[in-house]
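# Results of the structural survey
Chain by chain, the residues run as shown.
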Amino acid sequence: MGSVSWQRAIFILVFGLALVGCGSTPSVPATPIPATPIPATLAPATPVPAALAPATPVPAALAPTTEALPTPQLARPEEQAADLQLTSLLAARQRAIAQSLQQEPPILLLDLPAEDPRARSQQLAIADPAFIRYVREEGGGRPLRSEIFGVYPWRASDTSAATARCTGERCYRVEMYNYALNLTTVAAVDLEEARVVEVVLYPDSQPELPPALAELAVQIALASPQVRQAVGDSPGEALMATTKTALKNTTCEHSNHLCVAPTILLEDRRWALWAIVDLTAAQLVGIQWTHVGASSGQWPERPTEDQLRKQVVFAQYCQQANTVEQDGWKVPYIITSSDGLEIFDVTFAGKPVLDSAKLVDWHVQYSQSEGFGYNDGIGCPMFSSSAVVAVEGPHLEALPSAAGFALVQDFYHPLWPQPCNYRYQQRYEFFSDGSFRVVALNLGRGCGIDGVYRPVVRIDLASRAPGGQQLSEWDGQQWQLWGAEGWRLQDGSTPYTVEGYQLQVTDRTGAGYFLEPGRGQFGDGGRGDNAFVYVTVARPGEGDADMPTLGSCCGEGHRQGPEQFMEPSAEALAGQDLLLWYVPQQENDERPGQEYCWADFVWTDGLYVPTGFPCAAGPRFVPVGP
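The rules behind the values
Residues numbered from 1 in each chain as written. Predicted model: local features only at pLDDT ≥ 70, side-chain atom pairs only at ≥ 80, totals over all residues. Heavy atoms only, no water. Helix = DSSP H or I, 4+ residues; strand = E, 2+ residues; numbered from the N terminus. Buried < 20%, exposed > 50% of the residue type's maximum accessible area, 1.4 Å probe, protein only. Contact = heavy atoms within 4.5 Å. Areas by Shrake-Rupley, 256 points an atom, 1.4 Å probe, with all protein chains shown as cover. Arc of directions from axis to C-beta. Polar contact = N/O pair within 3.5 Å; in protein donor to acceptor, adjacent residues only side chain to side chain. Core = buried A, V, L, I, M, F, W, Y, C linked by side-chain atoms within 4.5 Å. Salt bridge = Lys/Arg side-chain N within 4 Å of Asp/Glu carboxyl O. Disulfide = S-S within 2.5 Å. Pairing = 2+ DSSP bridges. Axes fitted to C-alpha atoms, helices over the stretch in contact; angles between N-to-C directions. Parallel < 35°, antiparallel > 145°, perpendicular 65-115°, else oblique. Left-handed = near helix turned anticlockwise from the far one by under 90°. Nonpolar A, V, L, I, M, F, W, Y, C, P; charged D, E, K, R; others polar. Phe/Tyr/Trp six-rings, centres within 6.5 Å; stacked < 30°, edge-to-face > 60°. Expected span 1.5 Å × (residues − 1). pLDDT = per-residue confidence, 0-100.

### Details of the overall build of the protein chain
- Of the regular secondary structure elements, the protein chain holds seven helices and 35 strands.
- Counting across all 626 residues of the protein chain, residues that qualify as buried make up 59%.
- A separation threshold of at least 6 residues defines the contact pool for the protein chain, and within that pool the share at least 24 residues apart is 68%.
- With the model as given, the accessible surface of the protein chain reaches about 24300 Å², and the carbon-plus-sulfur share is 54%.

### Comments concerning helix H4 (residues 117–126)
- Taken together, the buried positions of H4 are Ala-119, Ser-121, Gln-122, Ala-125 and Ile-126. For H4, the arc enclosing every buried residue in end-on projection is 160°, short of the 170-degree limit, so these residues lie on one face.
- As for H4, its buried residues are in contact with strand S3 (107–108), strand S4 (146–153), strand S5 (171–178), strand S6 (183–190) and strand S7 (195–203).

### Topic: the side chain of Arg-173
- Along the chain, the position of Arg-173 falls in strand S5.
- Side-chain polar atoms of Arg-173 contact the side chain of Glu-175, separated by 2.7 Å.
- With residues up to four places along the chain from it excluded, the contact list for Arg-173 reads Gly-150, Val-151, Tyr-152, Trp-154, Arg-155, Asp-158, Val-186, Ala-187 and Asp-546.

### Brief notes about unusual backbone geometry
- Between Trp-416 and the following residue, Pro-417, the backbone shows a cis peptide bond with an omega angle of 10°.
- Mapped onto the elements, Pro-417 comes out in the loop between strand S20 (404–412) and strand S21 (422–431).
- Cis geometry is found at the peptide bond from Glu-567 to Pro-568, where omega equals 10°.
- Residue placement: Pro-568 occurs in the loop between strand S29 (532–537) and strand S30 (578–583).
- Even without being glycine, Ala-194 reaches a positive phi, approximately 55°.

### Brief notes about the nonpolar core
- Grouped together as the largest cluster of nonpolar side chains are 69 residues, with contacts concentrated most on Ile-343, Tyr-422, Phe-430 and Phe-436.
- At six residues, strand S15 (residues 351–365) tops the list of elements feeding residues into this core.

### A few points about the pattern of salt bridges
- All chains considered together, the criterion is met by 26 salt bridges.
- In this structure, Lys-358 and Asp-339 form a salt bridge, with 3.0 Å as the shortest nitrogen-oxygen distance. Residue Lys-358 is located in strand S15, and its partner Asp-339 is located in the loop between strand S13 (329–335) and strand S14 (341–348); the two are separated by 19 residues in the primary sequence. Like Lys-358, the residue Asp-339 is buried in the burial classification.
- What you see here is one network of salt bridges that share partners, running through Arg-165, Arg-170, Asp-190, Glu-192, Glu-193 and Arg-195.

### Some words on the state of the cysteines
- Under the defined criterion, the tally for this structure stands at five disulfides.
- Two residues share a disulfide in this structure: Cys-166 and Cys-171, whose sulfurs sit 2.1 Å from each other. What sets the handedness of the Cys-166 and Cys-171 disulfide is the S-S torsion sign, and at about -75° it is left-handed.
- Looking at Cys-166, the relative accessible area reads 11%, which means it is buried.
- Exposure remark for Cys-171: the relative accessible area of 0% places this residue in the buried category.
- Shown here for the protein chain is a disulfide pattern of 1-2, 3-4, 5-6, 7-8, 9-10, where each number marks a bonded cysteine counted in sequence order.

### Looking at the sheet that holds S6
- The strand order across the open sheet formed by five strands is S3-S4-S5-S6-S7, and the pairing between neighbours is mixed. Lying at the two open borders of the sheet, with one neighbouring strand each, are S3 and S7.

### Some words on the packing of helix H3 (residues 88–100) against helix H5 (residues 211–223)
- One can describe the packing of H3 onto H5 by two numbers: an axis separation of 9 Å at closest approach and a directional angle of 125°. Comparing the axis directions of H3 and H5 gives the class oblique. Crossing handedness for the pair H3 and H5: left-handed. Contacts from Ser-88, Leu-89, Leu-90 and Arg-93 of H3 reach H5 at Ala-212, Leu-213, Glu-215, Leu-216 and Gln-219.
- For the contact of H3 with H5, a count of residues per class yields five nonpolar, two polar and two charged.

### Considerations on the packing of aromatic side chains
- Under the counting rule described, the total for this entry stands at 23 aromatic pairs.
- Ring centres of Phe-532 and Tyr-534 lie 6.4 Å apart, and the angle between their planes is 35°; on these two criteria the pair is classed as tilted.
- The class of Phe-532 is buried, set by a relative accessible area of 5%.
- Since its relative accessible area comes to 0%, Tyr-534 is described here as buried.

### Topic: H5
- Here H5 is 13 residues long and its end C-alpha atoms lie 18 Å apart, about the 18 Å a rise of 1.5 Å per residue gives.
- When we look at burial in H5, the residues that qualify are Leu-213, Ala-214, Leu-216, Ala-217, Ile-220, Ala-221 and Ala-223.

### A look at the environment of Tyr-134
- Mapped onto the fold, Tyr-134 is located in the loop between H4 and S4.
- For Tyr-134, a relative accessible area of 12% corresponds to the buried category.
- Between the alpha carbons of Tyr-134 and Asn-178 there is a distance of 8.0 Å; along the sequence they are 44 residues apart.

### A closer look at the confidence of the model for the protein chain
- Summarising the model, the protein chain shows a mean pLDDT of 82, and 81% of its residues fall at 70 or more.
- Overall, residues 34–40 carries pLDDT values under 50, and its contacts beyond four positions in sequence, including any with other chains, amount to 14 contacts.
- Under a pLDDT of 50 for its full length, residues 299–304 has, in the predicted model, twelve contacts with residues more than four places off or in other chains.

### Points about the environment of Pro-332
- Mapped onto the elements of the fold, Pro-332 is located in strand S13.
- Judged by its relative accessible area of 1%, Pro-332 is buried.
- As a C-alpha pair, Pro-332 and Thr-347 span 15 residues in sequence and 9.3 Å in three-dimensional space.

### A few points about the side chain of Gln-504
- When you line up the elements, Gln-504 lands in strand S27 (residues 503–507).
- Take Gln-504: its relative accessible area is 12%, and that puts it in the buried class.
- Leave out the neighbours within four places in its chain, and Gln-504 touches Gln-470, Leu-471, Ser-472, Trp-479, Tyr-513, Phe-514 and Val-624.

Here is the structure:
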């Protein structure tokens, strides 16, 4: 299963996960869900074959892009030095970092008003020994550069067993990043008791960026000779400045440094320039290019309207849990800070089905050879740095033939479907026979025509009886029991039962679920999931509360994030509560008549209508046993 950094080995051995808690968000009475989809069109789920497509010529503006891109460049730090000296924000930041390393504890703090409860929360956190344990070398040695990235009012999706008494007025979440160890530390601070009630470590992870760091990344990018030469003195707005990235053969590879990619559109050429900025080293490491394809329409900005919507969504769906009860199902749900729409404590006919299901990250890769892209978070529109947020609440849809219902949540950029604007959707489908499906949809448009999208889905199946769960895999003849944590890639050689099942998870009574992966059989236009499936032992701090970025956007092979929970050595599964991590792989397609994972303005009755061509992926779970 590969190796792990020495830091993580030390954390597991010494820290022992003693500081983390577990649990689920408390349920509340059922609340009606308004059906308010955004004003856009979804293309038919089943793609139209090119030979059957209407004989309407494609406008020249929509023709596929074939012009060769400029050559990618790696930056030379010596060329940037003089220009970066003119970047006032960087100079001030370097002075603040130097000063922070001389103070005790050696942490760069947020500048907050003294009367602000966030300031008191920050002070309580940095006074806690567990929170500051790794801000110096082991044994109290030299300081390791650390920074408070955010202090947020408590969110219901942050709740664990240790923080069950927390509310938005009582508790705050303090997030710290250690640049030297690539470590995120999160504290739950109870102001009423004036103490830290929980500390969680996330090795090889990075929290969401504060606005000042995003601004710094843009300044570094625009001050570099490579970027100025490419876009001139009037580059326009830099998009995606808070979204983390990676780039092969640089310090940003595998996301070992904190790297982001301010992206500038050159609409006349249908190109996007990616300025890969290493915020750990405070320098540009290179520029990359992608084709963004053609676009025929223009989506007007709605800042005032969107802001009002965001406030409603935050109050009704982020600050509190809601519940839908229908067709024998009881489904509590909440929009998390950056893990999308989470459902939890789900039951069918009064029996437990799911402890939790949510979408932790979208990994978006635009070049297999160069290895660059984005880590997109989806979640709440306020007190969250998710790249793509909810501007409407969830809604219900009836499934065909009265087979059940779907709980649906949209996350989108306000200018979708223009280039470098994204739209994602989650669907939880609940069937009258007790089966259910967890679905992730990408509706483009993205920053390139060659994107590979990998949603990281966390699924915690409930157990009806104590004693843990077991997982078995179909080998073509019979079910084979797994003894330890591991992963599988669903590909052309994967065997399935006659019903299409790949795995089954059961408890000691034999009750549980078959896992049926997507192979294009669900009638939603999906072309097959090609999914990595991971099975790990459920441990506190491994996704029970809202998670920071998990893994790299552009990890090779199975290194998509969940593998870190089975390192440095795989744990035995016997008698344990198990977690499933499901990571499909979807490639976009801009070809007329074959669009997939794509979006555009489509001519309809004399108008250009924003239209998505979704790619859907996700497994169905079918009951097994008594």
